[in-house]
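Observations on the three-dimensional arrangement
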Amino acid sequence: MSKGLFLLWGGVLASLALLALLILISLSPPEISSKTLTYFERAQVEKGQTYAQVRYISFAVGQAITILVLSAVVILLFHRGWVPLAGASPYLQVMIYSFLLFVLLAAVSLPLEFYRGFMLEHRFGFSTQGLGAWFVDYGKGFIVNTVLTVVMFAGLYLVLRTWPLHWPLVGAGAFVLFLALQAWLWPLFIDPLFHKFEPLSPGPFKDRVVELAAGAGIEVGDVLVMDASRQTTKVNAYFTGVGQTKRIVFYDNLLRDFSQREAELVVAHEIGHWKHHHITLGMLLGTGGALLFFLLYRLVLAGYGAPAGHPATVPLLLLFMTVFSLLLMPVQNTVSRAFERQADRTSIELTGDAAGAAAMSANLATRNLADVQPHPFIRGLFFTHPPTVERIAAFEELAGRE
Ligand SMILES: [Zn+2]
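From a predicted model like this one, the values you see are computed outputs, not experimental measurements. (Residues numbered from 1 in each chain as written. Predicted model: local features only at pLDDT ≥ 70, side-chain atom pairs only at ≥ 80, totals over all residues. Heavy atoms only, no water.)

Here we look at empty space enclosed by the protein
A full pass over the atoms with the stated rule returns one cavity of 30 Å³ or more. Considered as a void within the structure, the largest cavity measures approximately 70 Å³ in volume. Around the largest cavity, the lining residues are Ile25, Ser26, Pro29, Pro30, Gln49, Ala52, Gln53, Tyr56, Asp371, Pro374, His375 and Ile378. Residue composition of the lining of the largest cavity, by class: seven nonpolar, four polar and one charged. (1 Å grid on protein atoms, 1.4 Å probe; cavity = no way out; pocket = protein on both sides within 12 Å on 5 of 7 lines; lining within 4 Å. Points joined across faces, edges and corners; volume = space filled by probe spheres on them. Nonpolar A, V, L, I, M, F, W, Y, C, P; charged D, E, K, R; others polar.)

Structure (structure tokens):
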């Protein structure tokens, strides 16, 4: 077996093994430690474990279905030689193939998406949406994703066909441009398709936000409130955008149900991300990941003796992309957790309130029914943030030093 084939099918098998292991581990949640019980009621932790368990297993099943379907397409069509659409330009073919694959994958995963996105969220009392509203959002998400992916594939094949030798390098360069453009434009054109954003009204809280940002030497961009309550009772805040579109976004639920002190701690954390340039760093790391991906994909193509820019390689590319992203998830999330710890430390430098931050983390976890003390395997694979118990312990350590 050639190196390329070994890479692809070895990756497929490794992914399926990883997903099987994920299901196996999710079936028996870890013992709740005495430390966890000093912060949370047992019933609360168990409810969070049940909610998490269903999500982990449905993620694993969804990914396995995607990988198996794409593998079948590659074996059935690619191995036998896909007859190109006569007369159509190669780019049109790429767009048609990626569109059809997207529709196929959406169709097989719709029942699971519905279960996870609608039924589960209702069962645990998070969703505030009726069936119709959920489907409208799902449909919009599907259209946005499909259009973006199809356009991205056409762009990628332009690179593959124009630079038959140096496409991994050019492709990684194009990818960073794409990421930057996306980070810049997403808040302007895509987010408003799903939510309404209002500027934070002037008042003591707004003044405090500006003051906190000044403390970190940062000029604050927009501070916006999003109508998250239209979809969910969960609370959250995030920062997004680059340059002119840089902004902090609050869920309206958070501002409504949490104290100003707690909201300030959230802002201070988001400012921490700004201060340490986490969006830019994330884009640079993403570009490194893309370069690695393209170099490995070149081996896969060589294994098949396929020219990189041939439209029939679309399912092969999509399969290898899926497997690569899954296997790289632990690396990506390790970086993300480091960023989150850094933002947490900055939030304490700015507010001086480590005890308040510990209490707020607990409050947030209770409200969102977080898996506060996950199995180490699950933590490594999934957790973009340090698990709550770990986060509280870090805050308490900082509080002890004050
Ligand atoms: Zn964060």
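From this point, the discussion proceeds with the structure in view.
Some details on the pattern of salt bridges
For the structure on display, the rule yields 13 salt bridges. Three or more residues are tied together by salt bridges with common partners; here these are Arg208, Glu211, Arg261, Glu264 and Asp353. (Salt bridge = Lys/Arg side-chain N within 4 Å of Asp/Glu carboxyl O.)

Points about the nonpolar core
Tyr297, Tyr304, Leu316, Leu319 and Phe382 are the most contacted members of the largest nonpolar core, which totals 54 residues. Contributions of two or more residues to this core are made by helix 1 (3–27), helix 3 (42–78), helix 4 (90–123), helix 5 (131–162), helix 10 (278–304), helix 11 (314–351) and helix 13 (376–382). Discounting residues that sit within four places of it in the chain, Phe382 has contacts with Leu22, Tyr56, Phe59, Met329 and Asn333. Membership of the second largest hydrophobic core comes to 43 residues, among which are Ala228, Val249, Ile348 and Leu350. (Core = buried A, V, L, I, M, F, W, Y, C linked by side-chain atoms within 4.5 Å. Buried < 20%, exposed > 50% of the residue type's maximum accessible area, 1.4 Å probe, protein only. Helix = DSSP H or I, 4+ residues; strand = E, 2+ residues; numbered from the N terminus. Contact = heavy atoms within 4.5 Å.)

Some thoughts on a nonpolar patch on the surface
On the surface, Leu21, Leu24 and Leu27 cluster together into a nonpolar patch covering about 300 Å² of accessible area. Looking at the secondary structure, you find Leu27 in helix 1. (Patch = residues over 30% accessible without salt bridge, like charges linked within 9 Å, V, L, I, M, F, W, Y side chains within 5 Å. Areas by Shrake-Rupley, 256 points an atom, 1.4 Å probe, with all protein chains shown as cover.)

What about the layout of surface pockets?
Approximately 260 Å³ is the volume attributed to the second largest pocket. Of all the secondary-structure elements, those providing two or more residues to the lining of the second largest pocket are helix 5 and helix 6 (167–194). The residue inventory of the lining of the second largest pocket, partitioned by class, reads six nonpolar, four polar and two charged.

Examining the packing of aromatic side chains
According to the stated counting rule, one finds 20 aromatic pairs in the structure shown. Taking the centre distance of 5.1 Å and the plane angle of 15° together, the rings of Phe114 and Phe118 count as stacked. Taken as a pair, Phe114 and Phe118 lie in helix 4 at a separation of four residues, close to a single helical turn. Their ring planes at 25° and their centres at 6.2 Å tell us that Tyr297 and Phe320 sit as a pair that is stacked. Separated by 23 residues along the polypeptide, Tyr297 in helix 10 and Phe320 in helix 11 bring together distant segments of the chain. (Phe/Tyr/Trp six-rings, centres within 6.5 Å; stacked < 30°, edge-to-face > 60°.)

Looking at helix 4
Taking 1.5 Å of rise per residue, the 34 residues of helix 4 would be expected to cover 50 Å, and the 47 Å separating its terminal C-alpha atoms lies within 8% of that figure. For helix 4, the complete set of buried residues consists of Gln93, Val94, Tyr97, Ser98, Leu101, Leu105, Ala106, Ser109, Phe118, Leu120 and Glu121. Here the buried face of helix 4 lies against helix 3, helix 5 and helix 11. Phi for Gly125, located one or two positions after helix 4, is positive at around 75°. (Expected span 1.5 Å × (residues − 1).)

Looking at unusual backbone geometry
Unlike most non-glycine residues, His277 shows phi in positive territory, near 55°. Relative to the elements of secondary structure, His277 occurs in the loop between helix 9 (260–275) and helix 10. Taking the relative accessible area as the measure of exposure, His277 reaches 52% and is therefore exposed. A positive phi angle, near 55°, is found at Leu369, a position not held by glycine. With respect to the secondary-structure elements, Leu369 resides in the loop between helix 12 (354–368) and helix 13.

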